[in-house]
Amino acid sequence: MGIKTALPAAELGLYSLVLSGALAYAGRGLLEASQDGAHRKAFRESVRPGWEYIGRKMDVADFEWVMWFTSFRNVIIFALSGHVLFAKLCTMVAPKVLFHGGSSFTVLRCTSFALESCAHPDRHYSLADLLKYNFYLPFFFFGPIMTFDRFHAQVSQVEPVRREGELWHIRAQAGLSVVAIMAVDIFFHFFYILTIPSDLKFANRLPDSALAGLAYSNLVYDWVKAAVLFGVVNTVACLDHLDPPQPPKCITALYVFAETHFDRGINDWLCKYVYNHIGGEHSAVIPELAATVATFAITTLWLGPCDIVYLWSFLNCFGLNFELWMQKLAEWGPLARIEASLSVQMSRRVRALFGAMNFWAIIMYNLVSLNSLKFTELVARRLLLTGFPQTTLSILFVTYCGVQLVKERERTLALEEEQKQDKEKPE
């Protein structure tokens, strides 16, 4: 089944209608729950007075967001204009958090420098190259990580030239970051998605649809936080003619474990030096198993070994390998013949169904680390056991609709890329 397989417009319209309605219904349940819980004793520490002109309390459960984006939103706007103010911002914000991030990233940078030096002894990298790479201010505290070879090649340009429209894109990215900061702040005045999971008794009273929306929104928020953080940093780096790693792929568009990451820079580092080095083409079961185990072992050490990190690493390592096992099973003679007998549209529908199940596996596996094991157990029990079959099948169908819309977006982008390549071909 090719990525360019199209579905009828009416069918896609139905999927859009179902998904929009389901999100609105779940959002309404979360809004009502947030209003009901605003004055609960358990919410007192993390739901506090917000903006005066909104007139509502605000969810401030995430200290990192409050520290970075709420208290210093105006400084961030000015920081986008140059390094001096960016440095000022870095000195203002929570030194413990900053220097922990800087030191942990330094380990990855020094490793990248050492590996590249060993791989290319003829290039004679100097200590000055390492210092420039490690202490480049926009990347030092918060990332993203660039492998040394990419960074060195970009900063070594004699006369860097901006592409047409690049400055407009940089301004647009800066503006989008500011809009996203404000939008999330406003969102937290109405939806207490970070505080509700901490009160399991209250969370258990939510309707199944609202509980599913709560789990999903926690991952979306973490993606938005990463996207905004890297968007701000990348905007400053782009002014220096660098091409930094892009923000992570939206969690809504993820239905395969192979594309699941919240930091493209670290993902690129792991793929270059561990995952691709051991796994090769990622088509053989044993090398893939060895590659994923090694990758998540290093990730565990970098994150800091503890029970939750062990569990998160195991689940995601299993998910990545399970995808390959299912792919191999689908290529097995009898199953391959069954799929070959289907129309390309029906094949896309079947694969989207499995993608929907995979989507919720990604949600649940990462909810463990982003929230808590007890909340993850609550969501799993409600959606898979006590809610079966009505809730389980309803949520699966809604997710299936979402996956089909993501596939349609991927199809459109593939066609646009093909047309672009055709135009660039010589006559």
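Residues numbered from 1 in each chain as written. Predicted model: local features only at pLDDT ≥ 70, side-chain atom pairs only at ≥ 80, totals over all residues. Heavy atoms only, no water.

Draft legend 1. Representation of a nonpolar patch on the surface within the structure. Residues Val285, Ile286, Phe314, Phe318, Phe322, Trp325, Met326, Leu329, Trp332, Leu335 and Ile338 make up a contiguous nonpolar surface patch of about 1,000 Å² in total accessible area. The element best represented in the nonpolar patch is helix α14 (residues 307-330), accounting for 6 residues. Looking at where Phe322 falls in the secondary structure, it is placed in helix α14. When its relative accessible area of 34% is taken as the criterion, Phe322 is described as partly exposed. (Patch = residues over 30% accessible without salt bridge, like charges linked within 9 Å, V, L, I, M, F, W, Y side chains within 5 Å. Areas by Shrake-Rupley, 256 points an atom, 1.4 Å probe, with all protein chains shown as cover. Salt bridge = Lys/Arg side-chain N within 4 Å of Asp/Glu carboxyl O. Helix = DSSP H or I, 4+ residues; strand = E, 2+ residues; numbered from the N terminus. Buried < 20%, exposed > 50% of the residue type's maximum accessible area, 1.4 Å probe, protein only.)

Draft legend 2. The arrangement of the nonpolar core in detail. Formed by 54 residues in total, the largest nonpolar core has its most connected members in Ile193, Ile196, Leu214, Trp360, Ile363, Phe375 and Val379. The greatest single-element share of this core, amounting to 12 residues, is contributed by helix α11 (residues 208-239). Leaving out residues up to four positions away in the same chain, Trp360 has contacts with Ala212, Ala215, Leu383, Ile395 and Thr399. In terms of nonpolar packing, the next biggest core, distinct from the first, is built from 16 residues, Phe113, Phe139, Phe141 and Phe148 among them. (Core = buried A, V, L, I, M, F, W, Y, C linked by side-chain atoms within 4.5 Å. Contact = heavy atoms within 4.5 Å.)

Draft legend 3. Main features of the pattern of salt bridges. For the coordinates displayed, the defined rule picks out 13 salt bridges. As a salt-bridge pair, Arg40 and Asp199 come within 2.8 Å of each other at their nearest N and O atoms. You can see Arg40 sitting in the loop between α1 (9-37) and β1 (47-49) and its partner Asp199 sitting in the loop between α9 (166-187) and α10 (200-203), a full 159 residues away along the chain. We note a salt bridge from Glu166 to Arg162, for which the minimum N-O separation is 3.6 Å. In the salt-bridge network here, residues are joined through shared partners; they are Glu116, Asp149 and Lys272.

Draft legend 4. Looking closely at α14. Here α14 is 24 residues long and its end C-alpha atoms lie 34 Å apart, about the 34 Å a rise of 1.5 Å per residue gives. Close packing links the buried residues of α14 with α12 (264-279), α13 (285-303) and α16 (344-370). (Expected span 1.5 Å × (residues − 1).)

Draft legend 5. Highlighting helix α17 (residues 373-386). Its 14 residues place the ends of α17 18 Å apart at the C-alpha level, agreeing with the 20 Å of an ideal helix rising 1.5 Å per residue. Of all the residues in α17, the buried ones are Phe375, Thr376, Leu378, Val379, Arg382 and Leu383. Buried-residue contacts for α17 involve α10, α11, α16 and α18 (390-424).

Draft legend 6. Fine view of the packing of aromatic side chains. On inspection of all chains with the given rule, the structure shows 23 aromatic pairs. Plain terms: the ring middles of Phe43 and Phe202 are 5.4 Å apart, the flat faces sit at 80 degrees to each other, and that makes the pair edge-to-face. Here Phe202 lies in helix α10 and Phe43 lies in the loop between α1 and β1, a separation of 159 residues in the sequence. Between Tyr133 and Phe148, the ring centres sit 5.2 Å apart and the planes meet at 75 degrees, which makes this aromatic pair edge-to-face. In this pair, Tyr133 sits in helix α6 (residues 127-134) while Phe148 sits in helix α8 (residues 148-155), placing the two residues 15 residues apart along the sequence. (Phe/Tyr/Trp six-rings, centres within 6.5 Å; stacked < 30°, edge-to-face > 60°.)

Draft legend 7. Inspection of the packing of α6 against α8 at higher detail. Closest axis-to-axis distance for the α6/α8 pair is 11 Å, and the angle between their directions is 100 degrees. Of the possible angle classes, the one that applies to α6 and α8 is roughly perpendicular. Along its contact with α6, which presents Asp129, Lys132 and Tyr133, the element α8 presents Phe148, Phe151, His152 and Val155. Taken together, the residues of the contact of α6 with α8 sort by class into 4 nonpolar, 1 polar and 2 charged. (Axes fitted to C-alpha atoms, helices over the stretch in contact; angles between N-to-C directions. Parallel < 35°, antiparallel > 145°, perpendicular 65-115°, else oblique. Nonpolar A, V, L, I, M, F, W, Y, C, P; charged D, E, K, R; others polar.)

Draft legend 8. Quick peek at unusual backbone geometry. Here the amide bond leading from Phe388 into Pro389 is cis, since omega sits at 0 degrees, within 30 degrees of zero. A positive phi angle, near 60 degrees, is found at His282, a position not held by glycine. Along the chain, the position of His282 falls in the loop between α12 and α13. For His282, a relative accessible area of 21% puts it in the partly exposed group.

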